[in-house]
Amino acid sequence: MASQTDYSLYLVTDSTDAILGSRDLVEVVEQALQGGVTIVQYRDKTSDTGALISTAKKLYEKCKQHDVPLLINDRVDVALAVGCEGVHLGQDDMNVVEARRLLGDEKIIGATVSSIEEARIAIERGADYLGIGTLYATQTKKNTKEIIGVNGIRRILSYLDDLGEKSKDVKTVCIGGVNASNVQRVIHQLYAPRSPSLKSKTIDGVAIVSAIVGAKDPKEASSNLQRLIKSTPPFSQSSDPVFWLEKNEDEIFALIKTADKATAAVHSKSPLSHNMTNLVVQNFAANVALAVGASPIMANYGEEAADLSRLGGALVVNMGTVTPEGLLNYKKAITAYNAAGGPIVLDPVGAGATSVRHDALSQLLGAGYFDLIKGNEREIMAVARASGFTLDDSSQQRGVDSGDSLFSLEQRAYFVSRIALRERNVVLMTGATDVVSDGVRTYAISNGHAYLGKITGSGCTLGTTLSAYLAAWPQDKLHAAVAAVSHYEIAAEYAAKREDVKGPGTFVSAFIDELFIRGGLVSEGKESWGKDAK
Ligand code: 3NM
Ligand code: MG
């Protein structure tokens, strides 16, 4: 029974005013069943036993009509009274062994887990499936123990992988903050294999409360979620990475033409570049944003992000001077932009340099989806480690400046494309040669000038430039990134060549000028990024 159950769209009910309101729960569940939920858990923390049993019986009738299993949260006695398919047990509820004794082998018993240790115990005790959470912060359940994000869920899934046979039949769903705006990302980020040779365990479903029970039209909400779960999202890639480091002339030509168009789009749209950035580069980043044709706002207060996320721009999260308060603000903004569908650039400045930054990076990676992650070699390697890759390089990062490369170009391309494939996003590793990939297409770009390494904030303001391009050229994030890097680095070359540039100081002002001038010429069609591209 349990192993054939379809967990893909798992409805958890709620009877509170905040979510159900004055509607009838049985009606709402009937609509959700019509919309296509595949399993229902009746979760009611307040009603008396008599009322619980009476509602559960009505729900069971509805579920049977749709051939969908019904589970009861916490209350084994209610499940027995109704005769439904099973129970779901939280960490504070009856333990799985005792419930199994009462319910027998045929019933489904699920357990909530939020750590490897809890997963180990639940499996040992014979749980049929695990409800893994809390994925994202949610208004529905405020006493959740820990927000573990996609990475926390991956860690538990890979633990199940390591168990092999013992966990073969154990199914998994994730819970917490799943809705129509993130369901495809969640599934596909969790689906990405850990390595090309490993067939990893993936989640079998998403468990949802408010996005269905609290929806105006639960039937429409469920069928929309069902459609999203079944369809392939635009960012999904099935093939293995192909290295396009050496391309033929036609490909390069097409890429440059697209980059030129993206620059024109930045100029015509003048998108908002919302920077939550460090103390050192606020002013420089705002000037760079203006020079490339964007509209900067430097707003570090998370509460503002919901409004700003609706203006068609992009967010930069730069953790260069991270603080506990800053981290909370970043998380609020990430949630807001993810919900609005606006692109986010993550710049994990100095990640790996200290344990505080390492922890901050893990928390941010767990907090939501980043359309683009950029950093130098050490920072990207820290991202790789934080998202669960085991790398041979265990060297501690010394500072926020990038030292000499530890890896060959091929190795860098491998890491970048692997992270991008797994995160379903674009990853840019900067260096003398930049490597950028969306997991399938990988490009190397060798523009720029040594002066960029002699001024502060050149990496951070590239993040700002990237945000403008992602906002203005949403049709292809990788092309947007290539265009942004071209604009930024070719402008640096022009600036360094100026006669009046004597060193880093004069370079800064010439660079801002050239960002402005070259971007203007390209967007008017008078120049192309190809002209000077090496
Ligand atoms: N359990 P929504 S989170 C019931 O983490 C429940 O174990 C959780 O609600 C856990 O889909 C949660 O509205 C509520 O975010 C999920
Ligand atoms: Mg419980």
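Residues numbered from 1 in each chain as written. Chains lettered and ligands numbered in written order. Predicted model: local features only at pLDDT ≥ 70, side-chain atom pairs only at ≥ 80, totals over all residues. Heavy atoms only, no water.

> Would you mind showing me how to read the pattern of salt bridges here?
Side chains that differ in charge, positive against negative, can pair when their charged atoms come close. Within this structure, the stated rule accounts for 20 salt bridges. The closest approach of N and O atoms between Glu 117 and Arg 120, which form a salt bridge, is 2.8 Å. Taken together, the positions of Glu 117 and Arg 120, both in helix α5 (residues 116-124) and three residues apart, correspond to about one turn of that helix. As a salt-bridge pair, Lys 526 and Glu 524 come within 2.7 Å of each other at their nearest N and O atoms. (Salt bridge = Lys/Arg side-chain N within 4 Å of Asp/Glu carboxyl O. Helix = DSSP H or I, 4+ residues; strand = E, 2+ residues; numbered from the N terminus.)

> Where do I start with the sheet that holds strand β4 (residues 86-89) in this structure?
Backbone-to-backbone hydrogen bonds join strands into a sheet, with any given pair of strands oriented parallel or antiparallel. Here we have eight strands rolled up into a closed barrel, ordered β1-β2-β3-β4-β5-β6-β7-β8, and parallel in their pairing. Across the sheet, the mean angle from the axis of one strand to that of its neighbour is 25°, orientation sign disregarded. Relative to strand β5 (residues 108-113), α5 is tilted by about 165°, and along the sheet it contacts β5 and β6 (129-132). The strands that helix α6 (residues 149-163) touches are β6 and β7 (171-175); relative to β6, the one it contacts most, it runs at about 160°. (Pairing = 2+ DSSP bridges. Axes fitted to C-alpha atoms, helices over the stretch in contact; angles between N-to-C directions. Contact = heavy atoms within 4.5 Å.)

> Is there a simple way to think about the nonpolar core in this case?
Most often, soluble globular proteins have nonpolar side chains that are buried together. Tyr 10, Val 40, Leu 70, Leu 130, Ile 153, Ile 203 and Val 206 are the most contacted members of the largest nonpolar core, which totals 75 residues. Here this core gets seven residues from one element, more than from any other, and that element is α6. Among residues more than four places away in sequence, those in contact with Leu 130 are Ala 111, Val 113, Ala 119, Ala 122, Ile 123, Leu 160, Val 170, Lys 171, Thr 172 and Val 173. Among the nonpolar cores identified, the runner-up in size contains 49 residues, and Ala 262, Leu 372, Val 426 and Val 436 belong to it. (Core = buried A, V, L, I, M, F, W, Y, C linked by side-chain atoms within 4.5 Å. Buried < 20%, exposed > 50% of the residue type's maximum accessible area, 1.4 Å probe, protein only.)

> Sorry, what's going on with the site of ligand 1 here?
Near ligand 1 you find 14 residues, and of these Thr 134, Thr 138, Thr 140, Gly 177 and Ser 210 are the closest. In the model, an oxygen atom of ligand 1 is placed 2.4 Å from a nitrogen or oxygen of the Thr 134 side chain. Measuring from an oxygen atom of ligand 1, one finds a side-chain N or O atom of Thr 138 at 2.6 Å. Alone, ligand 1 offers 420 Å² of accessible surface; in the complex the protein occludes 95% of this. (Near = heavy atom within 4 Å. Polar contact = N/O pair within 3.5 Å; in protein donor to acceptor, adjacent residues only side chain to side chain. Areas by Shrake-Rupley, 256 points an atom, 1.4 Å probe, with all protein chains shown as cover.)

> Sorry, what's going on with the pairing of strand β2 (residues 39-42) here?
Looking along a regular strand, one sees the side chains alternate between the two faces of the sheet. Here β2 shows a buried face lined by Ile 39 and Gln 41 and a second buried face lined by Val 40 and Tyr 42. Bridge count between strand β1 (residues 9-12) and β2: three bridges; the pairing is parallel. Pairing of Leu 11 across the sheet is with Val 40, part of β2. Where β2 and strand β3 (residues 70-73) come together, three bridges link them in parallel fashion. If you follow Val 40 over to β3, its bridge partner there is Leu 70. Crossover handedness for the path β2 to helix α2 (residues 49-65) to β3: right-handed. (Right-handed = clockwise from strand over helix to strand, strands pointing away.)

> So what exactly am I meant to see when it comes to the confidence of the model for the chain here?
When pLDDT is low, close inspection of the predicted coordinates is not appropriate. Of all residues in the chain, 90% attain a pLDDT of 70 or more, and the chain-wide mean is 89. Here residues 192-198 is modelled with pLDDT under 50, and outside its nearest four sequence neighbours on either side it reaches 13 contacts, counting other chains as well. Predicted confidence is poor over residues 236-246, with pLDDT under 50, and the contacts of this stretch with residues over four places away or in other chains come to 33 contacts. We note a pTM of 0.66 for the whole complex and an ipTM of 0.92 for its interfaces. (pLDDT = per-residue confidence, 0-100.)

> Explain the environment of Leu 406 here, please?
Checked against the element boundaries, Leu 406 lands in the loop between α15 (377-386) and α16 (409-423). For Leu 406 and Glu 377, which are 29 residues apart along the polypeptide, the C-alpha to C-alpha distance reads 8.2 Å.

> Is there a simple way to think about unusual backbone geometry in this case?
Peptide bonds are, in most cases, trans, and in most cases residues other than glycine have a negative phi. Here Gly 133 and Thr 134 are connected by a cis peptide whose omega angle stands at 0°. By the element assignment, Thr 134 lies in the loop between β6 and α6. Although it is not a glycine, Asp 67 adopts a positive phi angle of roughly 60°. With respect to the secondary-structure elements, Asp 67 resides in the loop between α2 and β3. Among the residues examined, Asp 67 registers a relative accessible area of 71% and is labelled exposed. Although it is not a glycine, Arg 424 adopts a positive phi angle of roughly 60°. Looking at where Arg 424 falls in the secondary structure, it is placed in the loop between α16 and β15 (426-430).

> Help me out: how do you make sense of the packing of helix α1 (residues 25-35) against helix α9 (residues 218-230) in this one?
Between two packed helices, what matters for the description is the angle formed by their axes and the separation of those axes. Look at α1 against α9: their axes get within 7 Å of each other, and the N-to-C directions meet at 35°. Crossing of α1 against α9: the hand is right-handed. For the pair α1 and α9, contact is made by Val 28, Gln 31, Ala 32, Gln 34 and Gly 35 and by Pro 218, Lys 219, Ser 222, Ser 223 and Gln 226, respectively. Of the residues that constitute the contact of α1 with α9, the class distribution is three nonpolar, six polar and one charged. (Left-handed = near helix turned anticlockwise from the far one by under 90°. Nonpolar A, V, L, I, M, F, W, Y, C, P; charged D, E, K, R; others polar.)

> What should I look at first to understand the environment of Thr 464 in this one?
Its location among the elements puts Thr 464 in helix α17 (residues 458-472). Separated by 148 residues in sequence, Thr 464 and Val 316 have C-alpha atoms that sit 6.4 Å apart. Discounting residues that sit within four places of it in the chain, Thr 464 has contacts with Ser 273, Asn 275, Ala 285, Ala 289 and Val 316.

> Looking at this structure, I do not really get α9. What am I missing?
Given 3.6 residues to a turn, an α-helix orients residues that are three or four positions apart in the same direction. For α9, which comprises 13 residues, the first-to-last C-alpha distance of 18 Å matches the rise-based estimate of 18 Å (1.5 Å per residue) to within 8%. Considered for burial, the residues of α9 that qualify are Pro 218, Ala 221, Ser 222, Leu 225, Gln 226, Leu 228 and Ile 229. One side of α9 holds all its buried residues, which, seen down the axis, span an arc of 165°. (Expected span 1.5 Å × (residues − 1). Arc of directions from axis to C-beta.)

> Would you mind showing me how to read the packing of aromatic side chains here?
Two aromatic rings, taken as a pair, are described by how far apart their centres are and by the angle between their planes. Scanning the entire structure with this criterion turns up seven aromatic pairs. Pairing Tyr 414 with Phe 415 gives two aromatic rings, centres 5.9 Å apart and planes at 65°, and the pair type is edge-to-face. With relative accessibility at 39%, the residue Tyr 414 sits in the partly exposed group. Look at Phe 415 and you get buried, because its relative accessible area is 13%. Seen in terms of ring centroids, Tyr 488 and Phe 511 are 4.9 Å apart; in terms of plane orientation they differ by 90°. Their pairing is edge-to-face. Of this pair, Tyr 488 sits in helix α18 (residues 477-497) while Phe 511 sits in helix α19 (residues 504-523); the two residues are 23 residues apart in sequence, bridging distant segments of the chain. (Phe/Tyr/Trp six-rings, centres within 6.5 Å; stacked < 30°, edge-to-face > 60°.)

> Sorry, what's going on with the side chain of Thr 461 here?
For Thr 461, the position within the fold is in helix α17. There is a polar contact of 2.9 Å between the side chain of Thr 461 and the backbone oxygen of Gly 457. Residues contacting Thr 461, with those up to four places away along its chain left out, are Phe 284, Ala 285, Val 288 and Tyr 488.

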